[in-house]
Amino acid sequence: MKRIRITGGSRLAGTMPISGAKNAALPLLAAALLTDEPVTFTNVPNLADIRTLQALLEGHGAEVDYAPNSAAKAMRIHTPIITSHTAHYDLVRTMRASVLVLGPLLAREGRAKVSLPGGCAIGSRPVDLHLSVMEAFGAEIELEEGYVVAKTPAGGLQGATYVFRTVSVGATENALMAASMARGTSVLKNAAREPEVVDLAECLVKMGAKIDGIGSDTLTIEGVERLRGCEHQVVADRIEAGTFAMAAGITDGDLFLKNARLEHLEAAASALAAAGVSLTAESGGLRAQRSRGTLHGTDITTEPFPGFPTDLQAQFMGLMCVAEGASVINEHIFENRFMHVPELLRMGADIRVEGRSAIVKGVPQLKGAPVMATDLRASVTMVLAGLIADGDTTVHRIYHLDRGYEQLEDKLKAVGARIERENDPTNGNGS
Ligand code: UD1
């Protein structure tokens, strides 16, 4: 196993290219199953989660051709026929987003067998909404030995009006894909409005889907009989951009986040501005730098888009650990998404968790320590903390980082960080 060693104290400056969004690419790749024609995506990030979905799609009969080292980062997916309707536990357990094949398989084939997912250990993360919206479209669903077994009546899925009880990105995406090929009209209310949902909807429209209300919380879909191939560029990763904006802020640096878009980061930009970090639009990207000498304690509450994203909560807490004054971080999307707190405490942070809130009192200096993170965003927060800690920080279990951050060390090194990936002699089981 590998670990990452960071030597704190460097100021980050320069241009940081922002990759295609993992969370946009995953549903897009799944949508390619909807058609028997080839679909080509560009700007596909080279990440472990993308490889997992690629393997899953290949298991269903997709021919996948991926050139991660080419400039276009193109992935061509062609599924002339679906050869298997089963998404096996071995793959699905490693990544929750695997459940996104449910909608496409049901829409195209009228049946699917998908293992119940695993993924990051944040809260209980059920899939009840994914299942109940498919039921609203007429699917019959049973749970058998850890698998969701779903089939449609003769004639396939039937469009319907469905109101999500809570905003869910994944369930909205699954529903959009299914409704695109259901008979008649579907109306999805209280739908997620995240830029990744918009990217999927725009790609589906290129494939021939009829969707109204894109970007709003009410999506109206007129089902079509078949969808065709298309080319689509994956949107830039707003979470990666937000993470590097915080890296600039925490190190008193100056980063140009190439390809990042302010309209995808308004809530984070407001919170950062209050904390003393400016995020401003420039041609082709965003510039992140301190707007005043010190960081200031700033409260945030995570919410569905356009609110402050839960996927930036941990990183913002890292920033608050070294801000002047106190801040309250409220996590309203997921239970149990404070696993980074004990690790930050090991580095000398002052944080108290009360239910879904964390009260952070800034300290003048964090201290390097060996740390271990248990999910993707928690892991990258330890890297951010390591960038300004006194001495060396080693981050263990870095497979979480590889799931979601493309070439993290190379990118950070290129803007001045002292960071290395090295063998982990304390954890040599090779997994
Ligand atoms: C996606 C993102 C993830 C992000 C999250 C919230 C991907 C691949 N992942 O995850 O990085 O943190 O959005 O922005 O895009 N819920 C239910 N029942 C369901 C589904 C969800 O109760 O069937 C609840 C969840 O437990 C959670 C809330 O809804 O409390 C939001 O989850 P959801 O938006 O579905 O997250 P994901 O799509 O899994």
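For the structure, see preceding data.
Residues numbered from 1 in each chain as written. Predicted model: local features only at pLDDT ≥ 70, side-chain atom pairs only at ≥ 80, totals over all residues. Heavy atoms only, no water.

**Some remarks on the environment of Thr94**
Topologically, Thr94 is positioned in the loop between helix H3 (89-92) and helix H4 (102-109). Separated by 46 residues in the primary sequence, Thr94 and Ala48 place their C-alpha atoms 10.0 Å from one another. A polar contact is formed between the side chain of Thr94 and the backbone oxygen of Leu91, at a distance of 2.7 Å. (Helix = DSSP H or I, 4+ residues; strand = E, 2+ residues; numbered from the N terminus. Polar contact = N/O pair within 3.5 Å; in protein donor to acceptor, adjacent residues only side chain to side chain.)

**Focus: the site of the ligand**
In the vicinity of the ligand lie 19 residues, with Asp128, Leu129, Ser168, Asp311 and Ile333 positioned nearest. Here an oxygen atom of the ligand sits 2.7 Å away from a polar atom, N or O, in the main chain of Gly170. Alone, the ligand offers 730 Å² of accessible surface; in the complex the protein occludes 86% of this. Of all elements in the fold, only helix H5 (128-136) and helix H6 (169-180) reach the threshold of two or more residues within the shell around the ligand. The element best represented in the shell around the ligand is H5, accounting for 3 residues. Within the shell around the ligand, the residues separate by chemical class into 8 nonpolar, 5 polar and 6 charged. (Near = heavy atom within 4 Å. Areas by Shrake-Rupley, 256 points an atom, 1.4 Å probe, with all protein chains shown as cover. Nonpolar A, V, L, I, M, F, W, Y, C, P; charged D, E, K, R; others polar.)

**With respect to the sheet that holds strand S16 (residues 277-282)**
The 4 strands lie next to each other as S2-S15-S17-S16, forming an open sheet whose pairing is mixed. In this open sheet, the two edge strands, each paired with only one partner strand, are strand S2 (13-17) and S16. Neighbouring strand axes in the sheet, compared pairwise and without regard to direction, differ in orientation by 20° on average. Pairing geometry for S2 and strand S15 (residues 254-258), over 5 bridges, is parallel. From the neighbouring strand, Ala13 faces S15, where its bridge partner is Asp254. The sheet contacts of helix H8 (residues 238-250) involve S2, S15, S16 and strand S17 (285-290), and relative to S15 the element is tilted by about 170°. (Pairing = 2+ DSSP bridges. Axes fitted to C-alpha atoms, helices over the stretch in contact; angles between N-to-C directions. Contact = heavy atoms within 4.5 Å.)

**Notes on H8**
With 13 residues, H8 should reach 18 Å at 1.5 Å per residue; the first-to-last C-alpha distance of 18 Å fits that figure. With 13 of its 13 residues buried, H8 lies for the most part within the structure. For H8, the N-terminal cap is Asp237; the gap from its side-chain oxygen to the backbone nitrogen of Ile239 is 2.9 Å. Looking one or two residues beyond H8, the residue adopting positive phi is Asp252, at roughly 55°. (Expected span 1.5 Å × (residues − 1). Buried < 20%, exposed > 50% of the residue type's maximum accessible area, 1.4 Å probe, protein only.)

**Some words on the pattern of salt bridges**
Scanning the entire structure with this criterion turns up 22 salt bridges. Residue Arg226 pairs with Asp36 through a salt bridge whose shortest N-O separation is 3.0 Å. With Arg226 in the loop between strand S13 (218-222) and strand S14 (231-233) and Asp36 in the loop between helix H1 (22-31) and strand S3 (39-42), the pair connects residues that are 190 residues apart, well separated along the chain. A salt bridge links Lys413 to Glu420; the nearest nitrogen and oxygen atoms lie 3.4 Å apart. Under the relative-accessibility criterion, Lys413 is labelled partly exposed at 37%. Taken together, the salt bridges that share partners define one network made up of Arg3, Arg5, Asp392, Glu422 and Asp424. (Salt bridge = Lys/Arg side-chain N within 4 Å of Asp/Glu carboxyl O.)

**Looking at the packing of H4 against H5**
Here H4 crosses H5 at 20°, and the two axes come no closer than 11 Å. Accordingly, the angle class assigned to the pair H4 and H5 is roughly parallel. Here the hand of the crossing between H4 and H5 comes out right-handed. For the pair H4 and H5, the contacting residues are Leu102, Gly103 and Leu106 in the first and His130, Leu131 and Met134 in the second. Partitioned by chemical class, the residues of the contact of H4 with H5 number 4 nonpolar, 2 polar and no charged. (Parallel < 35°, antiparallel > 145°, perpendicular 65-115°, else oblique. Left-handed = near helix turned anticlockwise from the far one by under 90°.)

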